[in-house]
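Chains, contacts and geometry: an overview
Each chain, letter by letter, is given below.
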Amino acid sequence: MSIKENYDYVKNKVKEAAIKSGRKLEDITILGVTKTIDTDRINELIALGIKDIGENKVQELLEKYPEIDQNINWHIIGHLQTNKIKYIIEKSYLIHSVDSIKLAKEIDRLANQNGVIVDVLIQINIGNEDSKFGIKSEDAYDFVKSLLDFKNIRIRGLMTIAPFVEEAENNREHFRNMRKLFIDINNNFNDNICMDILSMGMSIDYQVAIEEGSTLVRIGQGLFGRRTYN
Ligand SMILES: *Cc1c(COP(=O)(O)O)cnc(C)c1O
């Protein structure tokens, strides 16, 4: 399958799921996950109309950055180390992976130094998995509260990497819980934050995620075919 065929297929599936949840294709952001993918293929996808690209690793983003068509939004979706923030603070459109106060504090400090406001999502470990980064859902309120003093970061929403499953249906409950948390936090802090992005769903389960309220799906293999690591 070509990238175009894959992208058309994904768009159709996104549209179906969006309609099921009372929305439209345009209401959902399709983020192309480009780890391990070379820049020619990334530019091929961009030429088809995708506007949002996500990388896990700062180093990989920096290597590809000069060769990628510039009118796109770069997302940081992987665990971020504080000493790497300075390289991406002005390049990133949205950081999905804020998972500690230390990290948030350092993003805020550098954002202030650069005179910018940085949009972030808080990563939630919805499956409570030892192998995953992210804040436990029961700690999410306190975590958000402790970020409110940081004036140079803007909390735009929540992100999760759901457990690895064979059947997308097995993650439906996790996605539903994410949406509940999203709404509760929004209501609870409505004087201070206004979250509008719920980043959940990957190649295996994006339809279910959208049905349960995702506004942004992160898709790698569904667009580029199976990933091979060197
Ligand atoms: C790799 C990755 C994805 C995409 O996974 P696919 O299975 O290729 O769709 C999404 N989100 C994060 C954080 C990832 O690391």
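Please refer to the structure placed before this passage.
Before going into details, it helps to say that this report is about the structure given with it. Sequence order as written defines the numbering, with residues in each chain counted from 1. Reporting of local features is limited, given that this is a predicted model, to residues whose pLDDT is at least 70; pairs of side-chain atoms are given and counted only at 80 or more, and all residues count toward the totals for whole chains, interfaces and linings. Processing note: side-chain calculations cover all non-hydrogen atoms of the structure and skip hydrogens and water entirely.

**What to know about the overall build of the chain**
Comment: elements are numbered from the N terminus, with helices defined as DSSP H or I runs of at least four residues and strands as E runs of at least two. The secondary structure content of the chain amounts to 9 helices and 8 strands. Each radius of gyration reported is based on C-alpha atoms, and the globular scaling rule is 2.2 Å times the count of residues to the power 0.38. Its C-alpha atoms give the chain a radius of gyration of 17 Å, within 12% of the compact-globule value 17 Å for 230 residues. For the chain, the spread of C-alpha atoms along the principal axes amounts to about 50 × 40 × 30 Å. The buried label goes to any residue with under 20% of its type's maximum accessible area, the exposed label to any with over 50%, and the partly exposed label to all in between, with areas taken from a 1.4 Å probe on protein chains only. For the chain, with 230 residues in total, the buried portion stands at 50%. Restricting the contact set of the chain to residue pairs at least 6 apart, pairs at least 24 apart contribute 58%. Where accessible areas are quoted, they stem from the Shrake-Rupley method and a 1.4 Å probe; at the residue level, only the protein chains shown are allowed to cover. Total accessible area computed for the chain in this model is approximately 11,700 Å², and 45% of it derives from carbon and sulfur atoms. For the chain, the centre of its 31 positive side-chain charges and the centre of its 35 negative side-chain charges are spaced 1 Å apart. Residues are treated as being in contact if the distance between any of their heavy atoms lies within 4.5 Å. Only four residue types enter the tally: Lys and Arg on the positive side, Asp and Glu on the negative side; His and the chain ends are excluded. By convention, the charge on Lys lies at NZ, on Arg at CZ, on Asp at CG and on Glu at CD.

**So, the pairing of strand E1 (residues 29-33)**
Put simply, side chains in a regular strand alternate between the two faces of the sheet. Within E1, 4 of the 5 residues are buried, which leaves the element mostly enclosed by the surrounding structure. What makes two strands pair is DSSP finding at least two bridges between them. As paired strands, E1 and strand E8 (residues 216-219) are joined by 4 bridges and run parallel to one another. Across the sheet, the residue bridging to Ile30 is Val217, located in E8. Of the pairings in the sheet, the one linking E1 to strand E2 (residues 52-55) comprises 3 bridges and is parallel in character. Residue pairing across strands places Val33 opposite Gly54, the latter belonging to E2. Crossover handedness is defined here as right-handed if the route from the first strand over the helix to the second strand goes clockwise, with the strands pointing away from the viewer. The parallel pair E1 and E2, bridged by helix H2 (residues 39-47), forms a crossover whose chirality is right-handed.

**Side note on the site of the ligand**
For each residue, the test is whether any non-hydrogen atom lies within 4 Å of the molecule or strand; if one does, the residue is near. Taken together, the residues surrounding the ligand are Val33, Lys35, Asn56, Ile77, Ile161, Met202, Ser203, Arg218, Ile219, Gly220, Gln221 and Arg227. Whenever two N or O atoms come within 3.5 Å, that pair is a polar contact, provided that in protein one can donate a hydrogen and the other can accept it, and provided that, for residues adjacent in sequence, both atoms are side-chain atoms. One of the side-chain N or O atoms of Arg218 is found 2.8 Å from a nitrogen atom in the ligand. At a separation of 2.9 Å, an oxygen atom of the ligand approaches a polar backbone atom of Gly220. Relative to its free-state accessible area of 380 Å², the ligand is covered by the protein chains to the extent of 92%. Grid points spaced at 1 Å over the protein atoms alone were grouped into cavities, where a 1.4 Å probe fits but cannot get out, and pockets, open sets with protein on both sides within 12 Å along at least five of seven lines, with lining residues defined by an atom within 4 Å of a point. In this description, a molecule resides in a pocket or cavity if more than half of its atoms sit within 2 Å of the grid points defining it. At a threshold of 2 Å from the grid points, most atoms of the ligand map onto the largest pocket. By residue class, the composition of the shell around the ligand is 5 nonpolar, 4 polar and 3 charged. In the scheme used here, Gly and all other residues not listed as nonpolar or charged are polar, with Ala, Val, Leu, Ile, Met, Phe, Trp, Tyr, Cys and Pro taken as nonpolar and Asp, Glu, Lys and Arg as charged.

**Section: the packing of helix H6 (residues 140-147) against helix H7 (residues 172-188)**
For every element, the axis is a line fit to its C-alpha atoms; helices are fit only across the contacting stretch, and the angle between N-to-C directions ranges from 0 to 180 degrees. Orientation of H6 relative to H7, taken along the N-to-C sense of each, is 45°, at an axis distance of 11 Å. Classified by the angle their axes make, H6 and H7 are oblique. As for how H6 packs across H7, the hand of that crossing is right-handed. Across the interface between the two elements, Ala140, Tyr141 and Val144 of H6 pack against Leu181, Asp184, Ile185 and Asn188 of H7. These descriptions rest on fixed angle ranges, namely under 35 degrees for roughly parallel, over 145 for roughly antiparallel, 65 to 115 for roughly perpendicular, and the rest for oblique. For any helix crossing, the convention is left-handed if the near helix is rotated counterclockwise from the far helix by under a right angle, and right-handed if that rotation is clockwise.

**Quick look at the pattern of salt bridges**
A pairing counts as a salt bridge when a side-chain nitrogen of Lys or Arg comes within 4 Å of a carboxyl oxygen of Asp or Glu. Tallying each qualifying case throughout the model produces 13 salt bridges. In this structure, Glu129 and Lys132 form a salt bridge, with 2.8 Å as the shortest nitrogen-oxygen distance. Take Lys132: its relative accessible area is 22%, and that puts it in the partly exposed class. Each of Lys20, Glu169, Arg172, Arg176, Glu211 and Glu212 takes part in a single network of salt bridges with overlapping partners.

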